[in-house]
Amino acid sequence: MLGGFVFRDRIIIFVTVDLTTKHYIMAYDSNILEEELKNKVAHDYFSTYDNTKIIGKIDFCIAIAKSASNDAVLFDTSRYTIAESLLWAEAKSGCRKDIYKSFVQLILTIGKARTFDQHLPPAFLGAFDAEKIGFIPYNKVMDIFSLSDFNWNITPSDHETKEFQLVYKQVKEIIEQGLYLFYYDRDDKELRKFIKQNFIVGKSQIAKIKIDKNNFVAIYQKWLKEVKPTIVVNWEKAKQANIIDADFYLADIFSKDNISIKEKLFVLLQQDHYELDRKEDALGLANRSSAQFNDNRVAHNIFWNRYIRPPKKEYWDYIAKRRDLLVAPDVRERKGSFFTPQSCVELSQKYLADALGEDWQDEYYIWDCAAGTGNLLNGLSNKHQIWASTLDQADVDVMHDRVKNGANLLDSHIFQFDFLNDPFSKLPQGLQDIINDKDKRKHLIIYINPPYAEATSAKTITGTGQNKANVATNTMVAKSYKHLLGKASNELFAQFFIRIHQEIGGCLLAEFSTLKILQAQNFADFRKIFSSTLKKIFIVPSFIFDNVDGNFPIGFFIWDTSTPQTYESVIADIYDKDIQAIGTKTFYCQLPASLNTWVKDFDYTGKRIGLISFYPSDFQNNGKFAILSQKQKRYCKDITDKNIVQWAIYFSVRYCIEATWLNDRDQFLSPNKQYKTDLDFHNDCIIYMLFHGQNRITSQHGTNHWIPFSEKEINSKDCFESNFMSKLLNTRRTALNLSKEAEEVYHAGLMLWKYYHSHDNININASLYDIKEYFQGRNKKGVMNKDSSDPQYQVLIKQLRDKLSILARKIEIKAYAYEFLKR
């Protein structure tokens, strides 16, 4: 479903499936008037410049401000008798306007009035509409104004005249070659940087963005959208030949004057086409394939006009070796190994030495069957004992190249192999001999950081998306062992492990993976089959790995598959982001029923006063669930006057402890019975839920039953639509005094409500969320701001949050005591 709303003359468009926001696009309203558009562009992008000048009939002019205090101005301009312009531009209302025609109209406007005779020409000419803006250096088109026998005395806005068509023909190629084009939605950051670096008095060289090891992936993501669609390639067939779109991107990056200059690339850019699959025929003659552009390389020129190519030579090897990062998001999910940090590689090898003895490299064979470019094998000394395979031939070639440059591997032990689909008969004979020998197998270590991808996304789980095609469910291993894997068959790394366990049983498995193998409910069936002895384990934060989103623990496990063993719990060593040991943590493999099982026993009769969005009961999903006024299509439960206490407890035990990378996978559990008689605990939870930021009840979506106070307490100017919550609290406070911590939260909330109701033109029935929105407002994307310009509100909201944090610590103690969590 496509929807949107207008906010401050910008249109916020969102694509949603059900009520889950999928993608935001921010642009100006396509119906905005031209004059208003000019004002908005001036305000949003040129506010530090003089954007008030009117020069002839030119739509839009930018010059250095007289009180030049911004970073872009390098010297005082007061000595100029004529202000130096930086931009003359043509503006058009609406979207999808032909930017070439806008430039032609601007050129005809300038040429007709000979504006350049009365004013210093600008550094740039420009054209913009409600979705995009483009710039071209003035000196690129200035020769047009010297056309002889040309009739300038025409109407520039008449696009049908022969003069307009003549200029269009003259400048089209110039624009294609020299245009700097930016879309407000996807290029906002680059546009601002371009303006800041280039809109400077006296600047003659155009500043472009430098490509380095920090931004080459982000640039690739933009290249996918803007350049890839213009390359004439059958991408499916190319993939079968182990050529991917990243190879074309690398050909672009490592080029000068649009000719690739780096050796050993799979694809080369040759000005107006790409060359690939370069071979010699039987006569020794070159035989190669080529790929053309479908737009005469226009999009390619416009895109690369923003960047300096090639990058500094010091980055070449790093970028080329990190080809694994240059995959589209869906492909990354399908293939997606974590690129193992060298610090983790070294620590894992130390743990292997501790578990197997200092001579382990001489006594054991090592096979990395998900080797990528082989970085997990760095530091190993006995290359004759090491085997490395990977899915992509391109990565195999990188490893061979590394051997030539000194990597401690044997070329003959590096090979292409799809572990989840290929038969072991394709393995090199030497490795087959090890696998097929029961005694040798006991001295084989499968040493891997396997791909981590699921066949389902969050949208699939909530019923708003589809299974990811070919991610995990279509492999040979998934089909062969689905009856053993159960729901774990959706995970690629589980497929690696089950094949190892079933077909190479008796070996050692040293692997990096998430902790699902220990504690995830979906892995219950898998754990019954994969009963192996865990010799060693440590955990590190996920954010030190490349290609990983989120903050959760990644473990390194050393399993002995020859000796079956099941576990109630496992104690892991903890290392922080700097690989410093910081303690141990217990992970539970056999857990009682989850917290979400407990809610099935709630009383759902009675009057509905709100809803709660419903997500799996672990820390990683905590940020997703909230108390709401409006029903979502799925995964919402009713909060009624009969079950509000239970939901307050549910809400509070999940939010009273801050989510960290270390507890991210911890599970919330059905409690013991002791909580039922602790009325003080019940009241603490009600107060905590009422004043928590994830209480998103709003009076905009129906009657607000969640006002904690009476009209009298806050000096309301009118009656509330509902007094349900204040009556509930009054009843409970009469029967049992609130704890000191809860009372302080209540008082801090009271001060906030009083301050809000002291203002005029307010919403009498405002909720906590409405009050925050009133003072904090929203940004241009429609997201609520974090802070307010009202100093008194800032003091009050901080006091409320501070008191809430103190109450949270009190609730946390009870959460463990009543076994909502295990320590």
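Residues numbered from 1 in each chain as written. Predicted model: local features only at pLDDT ≥ 70, side-chain atom pairs only at ≥ 80, totals over all residues. Heavy atoms only, no water.

Asker: What is the right way to read the packing of helix 7 (residues 216-226) against helix 9 (residues 245-253) from this model?
Answerer: Packed helices, taken two at a time, are described by their axes: the angle between them and the distance between them. Interhelical geometry of helix 7 versus helix 9 gives an angle of 115 degrees and a closest axis separation of 11 Å. Comparing their axes, helix 9 and helix 7 come out roughly perpendicular. Relative to helix 9, helix 7 is oriented so that their crossing is right-handed. Counted together, F216, I219, Y220, W223 and L224 of helix 7 and D245, A246, F248, Y249, D252 and I253 of helix 9 form the full contact between these two elements. (Axes fitted to C-alpha atoms, helices over the stretch in contact; angles between N-to-C directions. Helix = DSSP H or I, 4+ residues; strand = E, 2+ residues; numbered from the N terminus. Parallel < 35°, antiparallel > 145°, perpendicular 65-115°, else oblique. Left-handed = near helix turned anticlockwise from the far one by under 90°. Contact = heavy atoms within 4.5 Å.)

Asker: Explanation requested: the pattern of salt bridges in the structure shown.
Answerer: Close approach of charged atoms lets side chains of opposite charge pair. Going through the model one piece at a time under the given rule, you end up with 30 salt bridges. One network of salt bridges, in which partners are shared, links R186, D187, E190, K222, E226 and R306. (Salt bridge = Lys/Arg side-chain N within 4 Å of Asp/Glu carboxyl O.)

Asker: How do you make sense of the pairing of strand 24 (residues 581-588) when you look at a structure like this?
Answerer: Relative to strand 24, strand 23 (residues 569-575) runs antiparallel, the two sharing seven bridges. Residue pairing for strand 24: I574 is matched across the bridge by G583. With antiparallel pairing between neighbouring strands as the criterion, strand 23 and strand 24 make up a hairpin whose turn holds five residues, including I579 at a positive phi of roughly 60 degrees. (Pairing = 2+ DSSP bridges.)

Asker: Help me out: how do you make sense of the packing of aromatic side chains in this one?
Answerer: The geometry of an aromatic ring pair is captured by two quantities: the separation of the ring centres and the angle between the planes. Under the definition given, this model contains 80 aromatic pairs. Both rings, one in F523 and one in F526, keep their centres 5.5 Å apart while their planes meet at 75 degrees; by these two values the pair is edge-to-face. Exposure remark for F523: the relative accessible area of 1% places this residue in the buried category. Residue F526 is classed as buried on the basis of its relative accessible area, which comes to 0%. (Phe/Tyr/Trp six-rings, centres within 6.5 Å; stacked < 30°, edge-to-face > 60°. Buried < 20%, exposed > 50% of the residue type's maximum accessible area, 1.4 Å probe, protein only.)

Asker: Looking at this structure, I do not really get the side chain of S255. What am I missing?
Answerer: In this fold, S255 is placed in strand 10 (residues 255-256). Judged by relative accessible area, which is 1%, S255 ranks as buried. At 3.0 Å, the side chain of S255 and the side chain of R309 are in polar contact. Among all residues touching S255, those that are not within four sequence positions of it are S260, I261, L269, R309 and P310. (Polar contact = N/O pair within 3.5 Å; in protein donor to acceptor, adjacent residues only side chain to side chain.)

Asker: Just checking my understanding: could you explain the state of the cysteines for this structure?
Answerer: By definition, a disulfide links two cysteine residues through a covalent bond between their sulfur atoms. One pass over the structure, following the stated rule, counts zero disulfides. Cysteine C369 shares no disulfide, and the gap to the nearest cysteine sulfur, in C507, comes to 9.2 Å. Taking relative accessible area as the criterion, C369 reaches 2% and is therefore assigned buried. The cysteine C685 is free of any disulfide, with C656 supplying the nearest cysteine sulfur at 7.8 Å. (Disulfide = S-S within 2.5 Å.)

Asker: Sorry, what's going on with unusual backbone geometry here?
Answerer: It is generally the case that most residues other than glycine have a negative phi and that most peptide bonds are trans. Residue R309 is joined to P310 through a cis peptide bond whose omega torsion reads -10 degrees. Assignment of secondary structure puts P310 in the loop between strand 15 (307-308) and helix 11 (316-321). Notably, D257 is not glycine yet its phi reads approximately 55 degrees, a positive angle. When you line up the elements, D257 lands in the loop between strand 10 and strand 11 (259-260). Non-glycine residue E819 carries a positive phi angle of around 65 degrees. Position of E819 relative to the elements: it lies in the segment after helix 29 (791-817). Residue E819 is classed as partly exposed on the basis of its relative accessible area of 41%.

Asker: Which parts of the structure should I look at to understand helix 25 (residues 679-690)?
Answerer: For an α-helix, the turn length of 3.6 residues means that residues three or four places apart are oriented alike. Between its first and last C-alpha, helix 25 extends 17 Å over 12 residues, near the 16 Å set by a 1.5 Å rise per residue. In terms of burial, helix 25 is largely enclosed, as 10 of its 12 residues are buried. (Expected span 1.5 Å × (residues − 1).)

Asker: How should the sheet that holds strand 8 (residues 180-183) be read in this particular structure?
Answerer: In sheet architecture, strand pairing relies on hydrogen bonds along the backbone and comes in two forms, parallel and antiparallel. Pairing is mixed in the open sheet, where five strands are placed in the order 4-5-6-7-8. Each edge of the sheet is formed by a strand with only one pairing partner; in this case those strands are strand 4 (60-63) and strand 8. The average angle at which neighbouring strand axes cross in this sheet is 20 degrees, direction not considered. Bridging between strand 4 and strand 5 (residues 85-91) involves four bridges; their strand directions are antiparallel. Residue pairing across strands places C61 opposite W88, the latter belonging to strand 5. Of the strands in this sheet, strand 7 (132-137) and strand 8 are in contact with helix 5 (residues 162-178), which crosses strand 7 at around 105 degrees.

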